[in-house]
Amino acid sequence: MIDKLDHRLPFAKLKAGLNKWRLSFLVFALAYAVIVFLTLTTTPMEWDEVAHLNGGSFLLWEEYDKFTRNAFYPPLFDVITFASFKLFGVSLLAARLVPLAFSTLALWAVFELAYSMYDGKTALLSAVLLGIMPGYFWLSRLALLETMLLFFITASLLFFFRWLQNRQDKMLVFAGIAIGLGFLSKYQMLVAIAIIAVSMLFLARKQLKLAVKKFSIALVSGFMVVLPWIIIAYQIYATKIFSEWIYALQVGNPERIVYSERYPLPIYYFVELTWPYSDIHPVSIFLYVVGLLGLGLLSWRRRSEDKYVLIWFATVFIFFTLIANKHWRYVSPLFPALAISAAVFILFIYGRLQNAWKLNRSIKRKHAAKVAAGLLIVSMAGAMVYSINDAYYGLEKYQIKIDIEGATNYAIKRMTGDEAIMVLCPFNFFSRDMVRFYLWADGDNEILVIQYPRLPVDTYTPSFNITDFIALCKRFNVKFVFTYEHGGTVSYFNTTLNLQQIYMQIYDSGKFTKITPEATFGTNPRRIFILTFTG
């Protein structure tokens with residue numbers, strides 16, 4: 001009899017845990033994953049994600065030397081991309097399955113954390129609000145590090161909060177593993193340690209010495225996860241590895257600081273989160289306001305779980321505000337905190353109104369409370385629809401095709417190993433690394449690919465010197481020059497220079513062939529023109 005009970009116990013726990021809220025979440029998560037999957041390849045490859053695609057390719061073809069040359073990015077994302085390539089073949093779709101998987105896991109982590117802090121209703125609404133945030137939806141479709149980082153941050157906070165609840169040391173081990181894996185995803189995972197450290201000061205003040213001592217379990221667990229990568233990276237880069245990590249923690253190129261000075265420092269991310277550009281809203285304005293009101297409610301109530309969310313939001317906000325380079329993607333760990341606070345606020349107001357019409361004896365007041373509750377439901381539904389519309393707009397805006405693969409295949413068939421490809425005027429959707437990705441799709445390829453200028457022309461002000469350009473083509477034995485239409489007369493970033501002006505200089509030099517139909521790929525106004533260098 002005892003053996004039968006022991007055998008049935010795990011199933012009983014599973015049945016008890018799989019309640020209506022978790023079943024509802026599973027339905028939502030499945031619908032979310034399907035929608036994201038159907039849109040994975042509707043936008044072209046982007047500048048920042050191609051490094052991870054090439055990293056996965058290098059591992060697939062056992063080019064470990066090429067893989068380990070860059071310590072700017074930690075290895076975990078590229079390793080999982082490699083696994084996806086191994087299973088599904090080398091493609092943009094296979095690479096983008098990785099962020100889809102981790103964005104869905106992050107929804108689960110947010111659901112479980114909100115469930116642990118509040119209840120099933122709050123947990124489900126938090127996950128839904130996070131899923132329909134435009135920025136979160138966009139990141140779920142790109143082979144970038146943010147969704148993986150967001151999952152491990154949320155998972156570490158989930159396990160630490162459960163330790164606060166039950167004092168089980170295994171939760172600290174799990175938190176440490178999440179921290180270690182998060183650090184192997186993106187070095188900014190350090191912010192999770194900061195959140196937990198501040199939380200101990202406020203939530204475990206009476207047992208602070210014990211909490212600090214116990215948290216060493218998490219730190220040791222995390223360190224053991226990271227240690228192999230530290231050893232490998234140090235052997236390859238020696239002392240340079242630490243400067244690479246510091247550079248990575250500063251999240252990017254110091255030349256981008258101009259972008260980061262658009263708003264006053266204290267309010268920069270308050271604006272950037274919802275209005276980085278006139279038509280792009282990572283957090284839709286109405287849900288953003290509700291989230292901020294929710295943070296105000298949490299500040300007023302100051303329950304332990306409320307403080308935890310507030311500490312999360314404040315620590316991430318301050319941490320990334322102090323870093324010189326700024327972008328809304330960097331503060332994506334704020335998304336779950338905003339989603340949870342918004343859910344708490346909506347359900348708090350609804351609960352107050354519900355009590356008013358149930359407990360109030362006055363018919364007029366009951367009626368007024370019901371009307372107010374109805375207006376709340378309608379307005380929140382409208383805010384959610386508006387957020388979905390913002391997400392759809394961002395999806396539709398970049399639903400374009402740039403045929404880099406076709407252009408690359410054309411060049412491969414007409415080149416020898418000692419000839420090179422030049423990418424002229426690279427930008428977010430057109431770069432040498434994208435050409436390299438297709439060169440490497442079928443294995444090792446020694447064709448050299450260079451670009452001029454070095455930096456993207458849609459982010460940095462370009463300068464074009466035909467003499468320098470021709471000298472580069474001669475120096476590297478360039479055969480083909482890839483150019484992108486870019487609207488023809490559309491100016492590049494912060495300049496009057498455009499492709500038409502560049503073409504006039506190229507044709508006047510007499511060193512290049514002219515545009516031909518057979519060397520044109522894509523459709524107007526997003527064509528790639530391949531010129532042959534004859535100089």
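Please refer to the structure higher up on the page.
A few points on the structure. (Residues numbered from 1 in each chain as written. Predicted model: local features only at pLDDT ≥ 70, side-chain atom pairs only at ≥ 80, totals over all residues. Heavy atoms only, no water.)

1. What about the overall build of the chain?
Check the secondary structure of the chain and you find 22 helices and five strands. What you see for the chain is a C-alpha radius of gyration of 26 Å, in line with the 24 Å of a compact globule of 535 residues. Each principal axis of the C-alpha distribution contributes one length, and for the chain these read about 90 × 60 × 50 Å. Across the chain, every contact between residues at least 6 apart in sequence was considered, and the portion connecting residues at least 24 apart equals 75%. Working note: accessible area of the chain is about 25,000 Å², and carbon and sulfur atoms make up 63% of it. Charge centroids of the chain, computed over 51 positive and 35 negative side chains, lie 15 Å from each other. (Helix = DSSP H or I, 4+ residues; strand = E, 2+ residues; numbered from the N terminus. Rg over C-alpha atoms; globule rule 2.2 N^0.38 Å. Contact = heavy atoms within 4.5 Å. Areas by Shrake-Rupley, 256 points an atom, 1.4 Å probe, with all protein chains shown as cover. Lys, Arg positive; Asp, Glu negative; His and termini not counted. Charge placed at Lys NZ, Arg CZ, Asp CG, Glu CD.)

2. Some remarks on the packing of aromatic side chains
In total, this model carries 39 aromatic pairs according to the counting rule given. Both rings, one in Y269 and one in F317, keep their centres 6.4 Å apart while their planes meet at 75 degrees; by these two values the pair is edge-to-face. Placement of Y269 in helix α14 (residues 268-272) and of F317 in helix α16 (residues 304-321) is noted, with a sequence separation of 48 residues between them. Ring centres 5.9 Å apart and planes at 70 degrees place the aromatic pair Y452 and F464 in the edge-to-face group. Separated by twelve residues along the polypeptide, Y452 in strand β2 (residues 448-452) and F464 in the loop between β2 and α21 (466-475) bring together distant segments of the chain. (Phe/Tyr/Trp six-rings, centres within 6.5 Å; stacked < 30°, edge-to-face > 60°.)

3. Considering unusual backbone geometry
Only a minority of non-glycine residues have a phi that is not negative, and only a minority of peptide bonds are not trans. Cis peptide bonds are those with omega within 30 degrees of zero, and the linkage from Y452 to P453 qualifies with -5 degrees. Here N524 and P525 are connected by a cis peptide whose omega angle stands at 10 degrees. In the Ramachandran plot, R302 falls in the positive-phi region, its phi being about 60 degrees despite a non-glycine side chain. Among the structural elements, R302 can be located in the loop between α15 (285-301) and α16.

4. Re the pattern of salt bridges
Side chains bearing opposite charge may pair, as long as their charged atoms lie close to each other. On inspection of all chains with the given rule, the structure shows twelve salt bridges. Here R436 makes a salt bridge to D433, at a shortest N to O gap of 3.1 Å. Here the residue R436 and the residue D433 both occupy positions in helix α20 (residues 432-439), the gap between them amounting to three residues, near one helical turn. With a relative accessible area of 23%, R436 lands in the partly exposed category. Via salt bridges that share partners, D48, E146, K186 and R329 belong to a single interconnected network. (Salt bridge = Lys/Arg side-chain N within 4 Å of Asp/Glu carboxyl O. Buried < 20%, exposed > 50% of the residue type's maximum accessible area, 1.4 Å probe, protein only.)

5. Structural notes on the packing of helix α19 (residues 404-412) against α20
The contact between α19 and α20 brings their axes to 9 Å, and the two run at 65 degrees. In this structure, the crossing between α19 and α20 has a hand that is right-handed. Every residue of α20 that contacts α19 at I404, E405, T408 and I412 is listed here: M434, V435, Y438 and L439. (Axes fitted to C-alpha atoms, helices over the stretch in contact; angles between N-to-C directions. Left-handed = near helix turned anticlockwise from the far one by under 90°.)

6. Looking at the sheet that holds strand β4 (residues 520-521)
Spatial ordering of the open sheet is given by β2-β1-β3-β5-β4, a layout of five strands whose pairing is mixed. Looking at the sheet topology across the chains shown, the edges are occupied by β2 and β4. Of the strand pairs in this sheet, strand β1 (residues 420-424) and strand β3 (residues 478-484) are connected by four bridges, and their pairing is parallel. Paired with I421 across the strands is F480, a residue of β3. Each of β1, β2 and β3 is contacted by α21, which is oriented at about 155 degrees to β1, the strand it contacts most. (Pairing = 2+ DSSP bridges.)

7. Quick look at the packing of helix α3 (residues 50-60) against α20
Running from N to C, α3 and α20 cross one another at 30 degrees; their axes reach a closest spacing of 9 Å. Between α3 and α20, the angle falls in the class roughly parallel. Like other packed secondary-structure pairs, α3 and α20 cross with a definite hand, here left-handed. Only D433, M434, R436 and F437 of α20 make contact with α3, whose side of the interface consists of V50, L53, N54, S57 and F58. For the contact of α3 with α20, the per-class residue count stands at five nonpolar, two polar and two charged. (Parallel < 35°, antiparallel > 145°, perpendicular 65-115°, else oblique. Nonpolar A, V, L, I, M, F, W, Y, C, P; charged D, E, K, R; others polar.)

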